[in-house]
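Results of the structural survey
Each chain, written out:
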Amino acid sequence: MRILNSDSDIAKGVSALTAVEPRFAAIVAVHGLPPLRRTDHGMESLLRIITDQLISLQAGEAIWRRLTAALNPLTPEAVLEHSEEALMQLGLSRAKARCFRAVALAAQTGVLDFAALQRLPDDDVLPRLTAIPGVGPWTAMIYLLSALGRADAWPVGDVALHVAAQHLLGLDVRPDKNSMMALAEPWRPWRAVAARLLWSHYRGLKGMGQKVT
């Protein structure tokens, strides 16, 4: 179980990836090594991923500020004290509010043991997360990548990765999930580093600043 803990781990992954896909080197030449993009493991990180899903970075940040101000400290009990309607008033959609409460309940009852997830292989972590109502494969995979630092996590449903891969690899059509899985097969066991590279490329294509953390 390979974990990305430092910039040197990212550099090692980039070296391996450019050996099998030289076009990755162009991303590094323009944007430098991609950031580690690690967050703390635990409920807060999972709730932040849920908050940010399918909305702009700016909207996600604004909603998260309201949530952390109202749910302070951010504990399962604090979340469960708020109804779906109260969470919606803080900016969440109904589906996300329901998911917040489901995650909090799972954490409170021990159904979801965040400390235990650190010790489990990737294939065991994902079903435990997606068993929580509202937590889908993308959310679970982003948690695996960012909170647990797994080197081979591959968020295949991430649209930004599809866009970046199409441009970088000169594909006529945007790849679908099946195509993305096939494209990334040679990138094992460093697919999480490939994702970071493609996110850097996407931000460059869109004229967005590069994340530094």
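Residues numbered from 1 in each chain as written. Predicted model: local features only at pLDDT ≥ 70, side-chain atom pairs only at ≥ 80, totals over all residues. Heavy atoms only, no water.

**Examining the overall build of the chain**
- Each helix and strand in the chain was counted, giving 13 helices and zero strands.
- By the compact-globule yardstick of 17 Å for 213 residues, the chain fits well, its C-alpha radius of gyration being 18 Å.
- Dimensions of the chain along its principal axes, counting C-alpha atoms only, are 50 × 35 × 30 Å.
- The 213 residues of the chain split such that 45% are buried.
- Taking contacts inside the chain between residues at least 6 apart in sequence as the whole, the part at least 24 apart equals 66%.
- Both charge centroids of the chain, one from 23 positive and one from 20 negative side chains, sit 3 Å from each other. (Helix = DSSP H or I, 4+ residues; strand = E, 2+ residues; numbered from the N terminus. Rg over C-alpha atoms; globule rule 2.2 N^0.38 Å. Buried < 20%, exposed > 50% of the residue type's maximum accessible area, 1.4 Å probe, protein only. Contact = heavy atoms within 4.5 Å. Lys, Arg positive; Asp, Glu negative; His and termini not counted. Charge placed at Lys NZ, Arg CZ, Asp CG, Glu CD.)

**Structural notes on the packing of helix α2 (residues 24-31) against helix α13 (residues 191-205)**
- For the pair α2 and α13, interaxial distance at closest approach is 10 Å and the crossing angle is 55°. In terms of orientation, α2 lies oblique with respect to α13. Relative to α13, the crossing made by α2 is left-handed. Taken together, the residues of α13 that come into contact with α2 (itself represented by Phe24, Ile27, Val28 and His31) are Ala194, Leu197, Leu198, Ser200, His201 and Gly204. (Axes fitted to C-alpha atoms, helices over the stretch in contact; angles between N-to-C directions. Parallel < 35°, antiparallel > 145°, perpendicular 65-115°, else oblique. Left-handed = near helix turned anticlockwise from the far one by under 90°.)

**With respect to the side chain of Asp9**
- In this structure, Asp9 sits in helix α1 (residues 7-20).
- Buried within the structure, Asp9 lacks any salt-bridge partner; its nearest side chain of opposite charge belongs to Lys12, at an N-O separation of 5.0 Å.
- Not counting chain neighbours up to four residues away, the residues in contact with Asp9 comprise Ile3, Leu4 and Trp190. (Salt bridge = Lys/Arg side-chain N within 4 Å of Asp/Glu carboxyl O.)

**What about helix α3 (residues 43-52)?**
- Extensive coverage of α3 is indicated by the burial of seven of its ten residues.
- For α3, the complete set of buried residues consists of Met43, Ser45, Leu46, Leu47, Ile49, Ile50 and Thr51.
- On the buried face of α3, the contacting elements are α4 (57-70), α5 (76-80), α7 (94-109), α8 (114-117), α9 (122-130) and α10 (137-146).

**Examining the environment of Ser56**
- By secondary structure assignment, the location of Ser56 is in the loop between α3 and α4.
- Sequence separation of Ser56 and Gly134 is 78 residues, and the distance between their C-alpha atoms is 20 Å.
- At 3.0 Å, the side chain of Ser56 and the backbone nitrogen of Ala59 are in polar contact. (Polar contact = N/O pair within 3.5 Å; in protein donor to acceptor, adjacent residues only side chain to side chain.)

**Some words on the nonpolar core**
- Among the nonpolar cores identified, the biggest contains 67 residues, and Val103 and Trp154 are the most heavily contacted of them.
- Among all residues touching Val103, those that are not within four sequence positions of it are Met43, Leu46, Leu47, Ile50, Phe114, Ile132 and Val135. (Core = buried A, V, L, I, M, F, W, Y, C linked by side-chain atoms within 4.5 Å.)

**Things to note about α9**
- Every buried residue of α9 is accounted for by Asp122, Val125, Leu126 and Leu129. Projected down its long axis, α9 shows its buried positions confined to an angular sector of 100°, all on one face.
- Lining the buried residues of α9 we find α3, α8 and α10. (Arc of directions from axis to C-beta.)

**What to know about the packing of aromatic side chains**
- In this structure the tally under the stated criterion is three aromatic pairs.
- Seen in terms of ring centroids, Trp154 and Trp187 are 5.8 Å apart; in terms of plane orientation they differ by 85°. Their pairing is edge-to-face. Of the two residues, Trp154 sits in the loop between α10 and α11 (159-169) while Trp187 sits in the loop between α12 (177-184) and α13, which places them 33 residues apart along the sequence. An identical accessibility class is assigned to Trp154 and Trp187; each is buried. (Phe/Tyr/Trp six-rings, centres within 6.5 Å; stacked < 30°, edge-to-face > 60°.)

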